[in-house]
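# Structural overview
For reference, the chains in residue letters:
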Amino acid sequence: MKLAILSCSPKCYSTRRLLEAAKHRGYPARVFDTLKFSIDLEAGVPDLHYRGREVGNYDAVLPRIGASITYFGTAVVRQFEQMDVFTANGSTGIGNSRDKLRCMQILSRHQIGMPQTTFVRNKSDVLPAIERVGGAPVIIKLLEGTQGVGVILADSVKIAEAIIETLHSTRQNVLVQKFVAESRGRDIRALVVGDRVVAAMRRTAQGQEFRSNVHRGGTTESIELDEAYHDAAVKSAQIMGLRVAGVDMLEGNDGPQVMEVNSSPGLEGVEQATRLDIAGAIIDYLAAQVDFPEIDIRQRLTVSRGYGVAEISVPAGSEFVGKTIDESGLAELDINVLTLYRGTTVIPNPRLKRALEPGDRLLCFGKLEAMRTMIPEKARKKRQPKLKSLPKSAHTPA
Ligand SMILES: Nc1ncnc2c1ncn2[C@@H]1O[C@H](COP(=O)(O)OP(=O)(O)O)[C@@H](O)[C@H]1O
Ligand SMILES: [Mg+2]
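Cut-offs applied
- Residues numbered from 1 in each chain as written.
- Chains lettered and ligands numbered in written order.
- Predicted model: local features only at pLDDT ≥ 70, side-chain atom pairs only at ≥ 80, totals over all residues.
- Heavy atoms only, no water.
- Helix = DSSP H or I, 4+ residues; strand = E, 2+ residues; numbered from the N terminus.
- Rg over C-alpha atoms; globule rule 2.2 N^0.38 Å.
- Buried < 20%, exposed > 50% of the residue type's maximum accessible area, 1.4 Å probe, protein only.
- Patch = residues over 30% accessible without salt bridge, like charges linked within 9 Å, V, L, I, M, F, W, Y side chains within 5 Å.
- Areas by Shrake-Rupley, 256 points an atom, 1.4 Å probe, with all protein chains shown as cover.
- Salt bridge = Lys/Arg side-chain N within 4 Å of Asp/Glu carboxyl O.
- Near = heavy atom within 4 Å.
- Polar contact = N/O pair within 3.5 Å; in protein donor to acceptor, adjacent residues only side chain to side chain.
- Donors = N, O, S within 2.8 Å, 3.2 Å for Na, K, Ca; no water.
- Pairing = 2+ DSSP bridges.

## What about the overall build of the chain?
Within the chain, the regular secondary structure consists of 12 helices and 20 strands. Against the compact-globule benchmark of 21 Å for 398 residues, the chain has a radius of gyration of 24 Å, which places it among compact chains. In terms of principal-axis extent, the alpha carbons of the chain reach across some 65 × 55 × 45 Å. When each of the 398 residues of the chain is scored for burial, the buried share is 46%.

So, in structure tokens, the structure goes:
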């Protein structure tokens, strides 16, 4: 595996450790300054230049994109994706996790604990928003802060309102979030690599500080995660589409409360706290996965007109209940079942002999027209676009 590490700070601990771990394992590796790439676009030949020269062939890219260069950095990663180079974290995952609102929106449809959060813009919506998340003390957060900067704890509703109003007047968007008091000054950082947590630490803030970030002076201790925390961390990283992630969780009374998912987690604090070779674990994982670059399914499917992916449901009383997938007749309708979701269980490539139960959901690839009536009524209604229909001639036949 020939590895390209993208980083604007080649001397920082994490970059040095990753380079060292790759070389130690005999993989040729080089650190590229993310901002020194040129992205060249031409039909059929997506290309990249680095300091005026063509970038050689690399098998894998490990992006370490800082918050200050998200736009350019994700553009470089996206270009590697177009060139079919395996990227440890994809451009979409990095972009989505960078923005705390976007991250929480994406996680919120899944069963993952999170502090109650609202996002408002209108002045008259601010007070009700603070009240909805439980009133003061309340957390106010900038969407793209890091290292604890941009996270404020407001003691009273009046102060909270004033802070939000001030930030809005300077065109800053902010989240209003429930203060998880039982976890005050304490949180958990889980380092996820692939489908497991390779290291976890509890961070504890200093003195009166409520933010436990290492950059705010937080102290660290290595911990073993129980199952709920382990699963919340892995699921969050996977939903965000990140193979390498630092998941921050508060310890709520009802279990883990995910606050954010970091796509370029720092390695220094966690390696020191746990004494584990996390850089090595990342490199080993990449070497094992390098043959499977990200495929943007929607992008690839545009060539198969009339076919697509849809989730169909098996409600109680459905004709499918009690039948096996084989007997359901889906195959005859040109529909393949890719994954079966049953409660919290996920069954990839379900066997044809598996019987369907009420409440099952099937992720299918097939003829869209044949799947139309099988999509749950509510989901279909929600997606009805409120657009005027095009003149008949403009329709492309499916
Ligand atoms: N809702 C909350 N309740 C209690 N503490 C919080 C809450 N949100 C953040 N914190 C504290 O502030 C720290 C920074 O918040 P976080 O959302 O992770 O932002 P950053 O990107 O700056 O690390 C957390 O590690 C935690 O200690
Ligand atoms: Mg954090």
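## Brief notes about a nonpolar patch on the surface
A cluster of nonpolar side chains, namely Ile-295, Ile-297, Val-309 and Leu-338, defines an oily patch on the protein surface of about 330 Å² accessible area. Among the secondary structure elements, Ile-297 is positioned in helix α10 (residues 297–301). A relative accessible area of 49% means that Ile-297 is categorised as partly exposed.

## Some details on the site of ligand 1
Lys-100, Lys-141, Gly-148, Asp-187 and Ser-212 are the nearest of the 23 residues found near ligand 1. Within the backbone of Val-180, one N or O atom sits 3.0 Å away from a nitrogen atom of ligand 1. Between ligand 1 and Asn-213 there is a distance of 2.8 Å, counted from an oxygen atom to a side-chain nitrogen or oxygen. A total of 550 Å² of accessible area belongs to ligand 1 in isolation, and the protein chains cover 99% of it. Elements with a minimum of two residues in the shell around ligand 1: β9 (138–142), β11 (174–178), β15 (244–252) and β16 (255–262).

## Re the coordination of the magnesium ion (ligand 2)
Of the protein atoms, only Asp-248 (OD) and Glu-260 (OE) coordinate the magnesium ion (ligand 2), at distances of 2.0 to 2.1 Å. Highlighted residues: Asp-248 in strand β15 and Glu-260 in strand β16, separated in sequence by 12 residues. Taking the relative accessible area as the measure of exposure, Glu-260 reaches 15% and is therefore buried.

## A short note on the pairing of strand β13 (residues 196–204)
Alignment of strand β12 (residues 186–193) against β13, held across eight bridges, turns out to be antiparallel. Paired with Leu-191 across the two strands is Ala-199, which belongs to β13. Between β12 and β13, which pair antiparallel in sequence order, lie two residues; one of them, Gly-194, sits at a positive phi of approximately 65 degrees. When β13 meets strand β14 (residues 219–222), the two strands line up antiparallel, connected through four bridges.

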